[in-house]
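# A look at the structure
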Amino acid sequence: GERGQEVAGQQQDVLAALSFLKTAPGIDAERIALAGHSFGGQLTLLAAEHDNKTRAVVTFAAAAGSWDHSPELRARLLAAVCGIAAPIMLIHAENDYSTSAGRALADELERLHKPHVLKIYPPVGQTREDGHNVLYKAIPEWENDVFQFLDEHDKRRP
């Protein structure tokens, strides 16, 4: 459908940006981590599935608004994490639209014995939208955890 074409087009944009980044001066193509928020978190997982050199993946509130309503999305993202070589950190706030995506993806990663971390932080702000925007509204809460995760997996050698 139309939504699938939109996702495919945006996924191609992310992969094109990643290809460009790997050739940019001063970039170590062996030390790239991918991160994304909300729909961008979904795209991050899809991009990492296609790039086995990605060092680590961090998602903030990925699929929180759509996971519970879309069997197609659930199937696609569960398949994506099967194909991702890099360690994955899944982040939500307790008051996100839903934490089902993070929990289900973490369960699948556990079943597959793949390195991952699921962090569900205490509620952020007053609303579900505030919780969904944990990336912007709760930097002091997640910052150390994310950089520790990235540092830990930067030392990993493929």
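Quick look at the structure, then. (Residues numbered from 1 in each chain as written. Predicted model: local features only at pLDDT ≥ 70, side-chain atom pairs only at ≥ 80, totals over all residues. Heavy atoms only, no water.)

### Describing unusual backbone geometry
- Phi at Ser38 is positive, roughly 60°, even though this residue is not glycine.
- With respect to the element layout, Ser38 can be found in the loop between strand E1 (33–37) and helix H2 (39–50).
- Although it is not a glycine, Ala63 adopts a positive phi angle of roughly 60°.
- When you line up the elements, Ala63 lands in the loop between strand E2 (56–60) and helix H3 (71–83).
- Ala63 sits in the buried class, given a relative accessible area of 1%. (Helix = DSSP H or I, 4+ residues; strand = E, 2+ residues; numbered from the N terminus. Buried < 20%, exposed > 50% of the residue type's maximum accessible area, 1.4 Å probe, protein only.)

### Some remarks on the packing of H3 against helix H4 (residues 100–111)
- Where H3 meets H4, the axes come as close as 10 Å, and the angle between the chain directions of the two elements is 35°. The hand of the H3/H4 crossing is right-handed. Here Leu77, Leu78, Val81 and Cys82 of H3 lie close against H4, whose contacting residues are Ala104, Leu105, Glu108 and Leu109.
- The residue makeup of the contact of H3 with H4, split by class, is 7 nonpolar, no polar and 1 charged. (Axes fitted to C-alpha atoms, helices over the stretch in contact; angles between N-to-C directions. Left-handed = near helix turned anticlockwise from the far one by under 90°. Contact = heavy atoms within 4.5 Å. Nonpolar A, V, L, I, M, F, W, Y, C, P; charged D, E, K, R; others polar.)

### A short note on H4
- Spanning 12 residues, H4 covers 16 Å between terminal C-alpha atoms, matching the ideal 16 Å at 1.5 Å per step.
- All of the buried residues along H4 are Ala101, Gly102, Leu105, Ala106, Glu108 and Leu109. In a view along the axis of H4, the buried residues occupy a sector of 160°, so they form one face of it. Facing away from the buried side of H4, by more than 90 degrees, are the exposed residues Asp107, Glu110 and Arg111. (Expected span 1.5 Å × (residues − 1). Arc of directions from axis to C-beta.)

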